[in-house]
Amino acid sequence: MRSTLIDIAKGSGVSTATVDRVLNNRSGVSERTRTIVMETAARLGYFGSSEASVGKIRLDFVLPEGTNTFIANLKAQLERQCGAQEGIEFNVHSVEGFNPASLAQKLAEIRPMTQGVGLVALDHPTVREEMRALADAGVKVVTLVSDILHVARTGYVGIDNRAAGRLGGYLLGRLLPATRSKIALFAGSLSYRGHEEREMGFRHIISEEFPHLEIVQMREIRDDRQRAYEEASALLERQPDLAGIYNIGGGSSGIGRALDEKSRGKSVIFIGHELTENSKPLLLSGTMDAVIDQNPRVEAREAISLLVNSIRGKAFEYHPPRLQVIFRENIPEH
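Everything in this summary refers to the structure shown in the same document. Just so we're clear, the structure is a prediction, and the values are computed from it rather than from any experiment. (Residues numbered from 1 in each chain as written. Predicted model: local features only at pLDDT ≥ 70, side-chain atom pairs only at ≥ 80, totals over all residues. Heavy atoms only, no water.)

Looking at the overall build of the chain
Step number 1: Looking only at helices and strands, one finds 12 helices and 11 strands in the chain.
Step number 2: Each principal axis of the C-alpha distribution contributes one length, and for the chain these read about 65 × 50 × 35 Å.
Step number 3: When each of the 334 residues of the chain is scored for burial, the buried share is 54%.
Step number 4: Split by element, the accessible area of the chain, about 14300 Å² in all, is 49% carbon and sulfur.
Step number 5: Across the chain, 41 positive and 42 negative side-chain charges occur, with their mean positions spaced 3 Å apart. (Helix = DSSP H or I, 4+ residues; strand = E, 2+ residues; numbered from the N terminus. Buried < 20%, exposed > 50% of the residue type's maximum accessible area, 1.4 Å probe, protein only. Areas by Shrake-Rupley, 256 points an atom, 1.4 Å probe, with all protein chains shown as cover. Lys, Arg positive; Asp, Glu negative; His and termini not counted. Charge placed at Lys NZ, Arg CZ, Asp CG, Glu CD.)

Okay, structure coming up:
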């Protein structure tokens, strides 16, 4: 059975809270302690075994291409962590974002040669059928970031996206004055169930707790920063009294650029997702008010461990990534 936080804490001589901070890459831990905890976790097999006796495992990850920095960071983490384990052969494939045919074709292509697949899945019939075909072929399948229901899969690694949308709505509602105001939504694509769930959660909490806020626009920007910039610029021209924006997916740097060019960065409350090298400057300047973050390092670690242990028939204790709200004053060091 996979080691627990208590096992790692005992072996490291620290508290379980410290172990949790290290494994979730949060601040407040010295580098020496971080090193001790990570070495103990590896020694106890927390990250999965690479025993030569069972042979190498072939894993494939299929991610959307584009300008989404979070996906780029997730790709880098998958490559780094798979590369650090001797028992894994792996490939990370990039396919055209928001194109179910391209995703389904790639899944069919890798099916004869892989043992485990992790994918950011579009909720589309062709993709669901290819996921079923993978499962029928004995391939372990894990969905990343955005889930698909009612298909055979080993598990889902990601946050509760409906809760994330409610959190976005709650933040926007609390930061805006309790007067009638106009707000707008931006989404990558609602063909991702995760984005659809965030929109649903956002709309529900706005209607329940902040009925004075009027949603005047919802645009799909396909996680593209240039498209986000163009849509946000046009929106600000049409709605000079816009009070708030919630961006469900990627492209926040494009929205931030439009806000700054229109001199609206300080007057419009802007909530988005993922702390990246593009969103961090927006937080520091005050253009972005809060970021709802999920840790790509944790998601990569859990996806790899889930696939490896499932292929080897070993028990696995899943530790889901946590939602974390980042403001300018609590930006983590790493």
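Some points on the packing of helix H9 (residues 225-238) against helix H10 (residues 252-261)
Step number 1: Orientation of H9 relative to H10, taken along the N-to-C sense of each, is 35 degrees, at an axis distance of 7 Å. Helix-helix and strand crossings are classified by hand; for H9 and H10 the assignment is right-handed. Taken together, the residues of H10 that come into contact with H9 (itself represented by Arg225, Gln226, Ala228, Tyr229, Ala232, Ser233 and Leu236) are Ser253, Gly254, Ile255, Arg257, Ala258, Leu259 and Glu261. (Axes fitted to C-alpha atoms, helices over the stretch in contact; angles between N-to-C directions. Left-handed = near helix turned anticlockwise from the far one by under 90°. Contact = heavy atoms within 4.5 Å.)

A word on the pattern of salt bridges
Step number 1: Counted according to the given criterion, the structure contains 20 salt bridges.
Step number 2: With a closest N to O distance of 2.8 Å, Asp60 and Arg58 form a salt bridge.
Step number 3: Note that Glu109 is salt-bridged to Lys106, the shortest N-O span being 3.0 Å. With a gap of three residues between them, Glu109 and Lys106 both fall in helix H5 (residues 100-110), about one helical turn apart. (Salt bridge = Lys/Arg side-chain N within 4 Å of Asp/Glu carboxyl O.)

In short, the description is geometric, and any link to function would need to be established separately.
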